Amino acid sequence: MSAPPSPDEGLSPADLAAKYGLSVSGARPGLVEYVRQLWGRRHFILAFSQAKLTAQYSQAKLGQLWQVATPLLNALVYYLIFGLILNASRGMPKEVYIPFLVTGVFVFTFTQSSVMAGVRAISGNLGLVRALHFPRASLPVSFALQQLQQLLFSMIVLVLVAIGFGSYPSLSWILVVPALALQFVFNTGLALIMARLGSKTPDLAQLMPFIMRTWMYASGVMFSIPIMLRDKPAWIADVLMYNPAAVYMDLVRFALIDGYGSENLPAHVWLAGLGWSVLIGVAGFVYFWKAEERYGRG
Amino acid sequence: MAETRIPTVIADDVHIVYRVNGAAGGKGSATAALSRMVGRGKGEPRGVRKVHAVRGVSFTAYRGEAIGLIGTNGSGKSTLLRAIAGLLPTESGKVYTDGQPSLLGVNAALMGDLTGERNVILGGLAMGMSREEIRERYQDIVDFSGINEKGDFITLPMRTYSSGMGARLRFSIAAAKNHDVLMIDEALATGDRKFQIRSEERIRELRKEAGTVFLVTHSNKSIKDTCDRVLWLEKGELLMDGPTDEVLKAYERETGK
C-alpha cells in the first residue's frame, strides 16, 4: 500500500473535509431544517406513540379495554369519595360539581403525565438515542402524543359522566377540540423542556411528582378558585386562574358542563390559553433543539 | 485509481468521555451521596465519575474501503463507532463524514410487547424508511428472518420468541435498508447455521452497496474475510492502523493467540 504522495498530502483534516464536502457528524441542523426533519419523521412519531400505548396493557387479560376502564375507575373513586361520602359541592350544585371534578382530574392528568413522560423521554431511551438517527425531539413529541391518545379514551368516560349529571351534548361541546388542541401544544412544549432538563439531571423524575401535586392543588382541580378565595385579595385568585393548568381545565369545563357558565371564567380566557400554548410550545421547541447534538452523552 | 482516493470519514483527534452518575467514591449509600453533595469542590461535580473511553483517535477512511476495528473488550471500539455515526457527542475533536453513517441495528426501537409484524414497521420507521418502502420490503424482511417457517409467529408478541428467533428478526429489519457509510457491530451472525450463512451473504451485499464499511468483531476470521484495512484500539488509543495482515499479526502476537 505504498500510495504515491497524493495532492491531499499535508492538508489538515478540516481542510480535507471541506475539499470533499464532508460535514461534521452529529452536528445540530438549523431550526428550519430541524422542523423539516421532524416532519419527515411524523410516521415514526405516531407509530412510536401508538406502540407505547398498546404495549402498556398488552399483558393484561382485558387488554386494551383498560384504556377506558382505568379512567372510568378513577372517576368512580372520585364520585364515591366526593359525591357520596363527603357529599361535597364546594359552593356549586352537585350535578355541576362531580363533572367539574372529573374534568379537572382528567385534564390535569393530561398535563401531568406529559411532563412525567417528558422527563424520561431522553434519559429513559438512551439505547434508542445511541443506536439510531432521528431528530431527538421525536421522542418527547411522541410521548406527548401518547398522552393525548390516552386522554381521548378518558374523554369517552367524561362524556358519560357529563350526561349522567344532566349536561347533554350541545354545540358548545365542540369547543373541547380547540381547548384540548391548545393544551396539547402547551404540553408538548413542556415535555420538550422537561426532556432536556431530565437528560442532564435524571433526578428530576423523583422530584417532579411533588411539584406536580403542588401545581394540582394550586390550580383548583377539586374546588373553584374564585369561590374558595372569596375572602382573600383578588390578585391571588387572578394569578391562580391564569395559570395554564387552570385555564385549560376551565375551558373544557365551560364547554362541557351546562351549569358552569362564563361567570366562572377569567376574562380573555381563550387568549390566555392561546398565549400559553404558543409561548411554551415555541420556547420548549427552541430550548430542546439548542442541545440537540448533546443528547445521548451519559 | 490510487490517485483519486475520496475520503468518506475523517476523524480528527477524537476524544469521548462518558459521565456516570452515582458511581464515584465506591460507596453507594445515601449518606455517602449526601456528603458528596455537601462537600463539593474542585471543578467537576462530585458523585460523577468520568470514563475516558476514546483518547485522541485520528484516521481517514476512503470510499470503497472495508475497515475492521479490533481490540480487547472495553477498548473503545463500539464507542468510536457510535461517535462516527454522530450518535455519541465527542468531548473534543471532530468527525467529518460523507452523508449519514448508520449503525446496523434496531434493537432499541423494538418492543417485546408488540407483535413481530408491528415491530417490523416500527423498526423500519425508526431507521428512517417511509411507509411505502416498508410495505414494499415487508414480505422480504419476514421471509428473510424465517420467522414464519414454523407457523404464524409474526403475529405473536416478540416477547414470546426464542432468543434466536428474536435475533433473526432484529437482524432482518436492520439489514433491510441500504446505507452510505455502514457500521456493523459484532455478534451479528446469530441464530442457527443456516441463518448465519444467509446473514453473512446479506452483509456482503450491503457492503457492495455501501461506500465504506466499518466492522467491529472479535472474530479474526471475519475480519480477514471482509476487511482490507484494520484499526487496532487499546485503552481508547489507536495502537495501529494498516493493512489487515500486518495489524492482525501484531495483534495476535500481543494477545498471545
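Quantities reported herein were computed from a predicted structural model and do not represent experimental measurements. (Residues numbered from 1 in each chain as written. Chains lettered and ligands numbered in written order. Predicted model: local features only at pLDDT ≥ 70, side-chain atom pairs only at ≥ 80, totals over all residues.)

A short note on the overall build of chain A
Part 1 of the argument: The helix and strand inventory of chain A stands at 13 helices and one strand.
Part 2 of the argument: Taken from N to C terminus, the helices and strands of chain A fall in the order α-β-α-α-α-α-α-α-α-α-α-α-α-α.
Part 3 of the argument: Taking the principal axes of the C-alpha coordinates as reference, chain A spans close to 90 × 50 × 35 Å.
Part 4 of the argument: By residue count, 42% of the 298 residues in chain A fall in the buried class.
Part 5 of the argument: Residue pairs at least 24 apart in sequence account for 82% of intrachain contacts in chain A once pairs closer than 6 positions are excluded. (Helix = DSSP H or I, 4+ residues; strand = E, 2+ residues; numbered from the N terminus. Buried ≥ 20, exposed ≤ 12 C-beta atoms within 10 Å, placed from the backbone. Contact = placed C-beta atoms within 7 Å.)

Comments concerning the packing of helix α8 (residues 176-200) of chain A against helix α12 (residues 244-256) of chain A
Residue and element names in this part refer to chain A.
Part 1 of the argument: Running from amino to carboxyl end, α8 crosses α12 at an angle of 165°, the nearest separation of the two axes being 9 Å. It follows from the interaxial angle that α8 and α12 lie roughly antiparallel. Considering how the two elements wind past one another, α8 and α12 form a crossing that is left-handed. Residues Val-176, Ala-179, Leu-180, Leu-182, Gln-183 and Phe-186 of α8 lie in contact with α12, whose contacting residues are Pro-244, Tyr-248, Leu-251, Val-252, Ala-255 and Leu-256.
Part 2 of the argument: The class makeup of the residues in the contact of α8 with α12 is eleven nonpolar, one polar and no charged. (Axes fitted to C-alpha atoms, helices over the stretch in contact; angles between N-to-C directions. Parallel < 35°, antiparallel > 145°, perpendicular 65-115°, else oblique. Left-handed = near helix turned anticlockwise from the far one by under 90°. Nonpolar A, V, L, I, M, F, W, Y, C, P; charged D, E, K, R; others polar.)

Some remarks on the interface of chain B and chain A
Part 1 of the argument: Listed per partner, the contact involves 43 residues of chain B and 35 residues of chain A.
Part 2 of the argument: Listed by contribution, the elements that provide at least two residues to the side of chain B that touches chain A are β1 (7-21), α2 (77-84), β4 (92-97), β5 (102-104) and α3 (116-126) of chain B.
Part 3 of the argument: The residue inventory of the side of chain B that touches chain A, partitioned by class, reads 26 nonpolar, seven polar and ten charged.
Part 4 of the argument: Where strand β1 (residues 23-24) of chain A lies against β4(B), two bridges are found, and the strand directions are antiparallel. Residue pairing in the sheet places Ser23(A) in a bridge with Thr97(B) of β4(B). (Pairing = 2+ DSSP bridges.)

Remarks on the sheet that holds strand β2 (residues 48-62) of chain B
Part 1 of the argument: An order of β1(A)-β4(B)-β1(B)-β2(B) is seen for the four strands of this open sheet, with the pairing classed as antiparallel. Edge positions in the sheet fall to β1 of chain A together with β2 of chain B, since each has one partner strand and no second.
Part 2 of the argument: Summarising the sheet, β1(B) and β2(B) pair through eleven bridges and their orientation is antiparallel. What sits directly across from Val17(B), in β2(B), is His52(B).

Observations concerning the pairing of strand β9 (residues 237-243) of chain B
All names here are of chain B.
Part 1 of the argument: In terms of strand pairing, strand β8 (residues 229-234) meets β9 through six bridges, oriented antiparallel. Residue pairing for β9: Leu-231 is matched across the bridge by Asp-241.
Part 2 of the argument: Hairpin connection between β8 and β9: a loop of two residues separates the two successive antiparallel strands, and Lys-235 in this loop has a positive phi of roughly 50°.

Considerations on helix α13 (residues 269-289) of chain A
Residue and element names in this part refer to chain A.
Part 1 of the argument: Counted at 1.5 Å a residue, the expected span for α13 with its 21 residues is 30 Å, and the 30 Å between its end C-alpha atoms agrees.
Part 2 of the argument: The set of residues buried in α13 consists of Val-269, Ala-272, Gly-273, Trp-276, Ser-277, Ile-280, Gly-284, Phe-285, Phe-288 and Trp-289.
Part 3 of the argument: Close packing links the buried residues of α13 with α2 (31-40), α7 (138-164), α8 and α12. (Expected span 1.5 Å × (residues − 1).)

Here's the deal with the pairing of β1(B)
One face of the sheet, then the other: side chains in a regular strand alternate in exactly this way.
Part 1 of the argument: Here β1(B) runs beside β4(B); their pairing, made up of five bridges, is antiparallel. Paired with Ala11(B) across the bridge in β4(B) is Val95(B).

A few points about the nonpolar core
Part 1 of the argument: One finds Ala191(A), Val252(A), Leu69(B), Ile84(B), Leu122(B) and Phe214(B) to be the most contacted residues of the largest nonpolar core, which totals 150 residues.
Part 2 of the argument: Considering every element that reaches this core, the biggest residue donor is helix α5 (residues 94-123) of chain A, with 17 residues.
Part 3 of the argument: Not counting chain neighbours up to four residues away, the residues in contact with Phe214(B) comprise Ile67(B), Leu69(B), Leu81(B), Ile84(B), Met183(B) and Ile184(B). (Core = buried A, V, L, I, M, F, W, Y, C linked by C-beta atoms within 7 Å.)

Remarks on the sheet that holds β8(B)
In any sheet, the strands associate via hydrogen bonds between backbone groups, in a parallel or an antiparallel arrangement.
Residues and elements named next belong to chain B.
Part 1 of the argument: The strand order β5-β6-β7-β3-β8-β9 describes an open sheet built from six strands, whose pairing is mixed. Two strands in the sheet have a free side with no partner beyond their single neighbour: β5 and β9. Strand-to-strand twist of the sheet, defined as the mean angle between neighbouring strand axes without regard to direction, takes the value 20°.
Part 2 of the argument: Contacting β3 (66-70), β5, β6 (181-184), β7 (212-216) and β8, α2 crosses the sheet at an angle of about 155° to β7.

As for the confidence of the model for chain B
Residues and elements named next belong to chain B.
Part 1 of the argument: Here chain B averages 80 in pLDDT, while 84% of its residues score no lower than 70.
Part 2 of the argument: Model confidence for chain B, summarised as mean pLDDT per element, is weakest for helix α1 (residues 30-38) at 63 and strongest for β8 at 91.
Part 3 of the argument: We note a pTM of 0.84 for the whole complex and an ipTM of 0.79 for its interfaces. (pLDDT = per-residue confidence, 0-100.)

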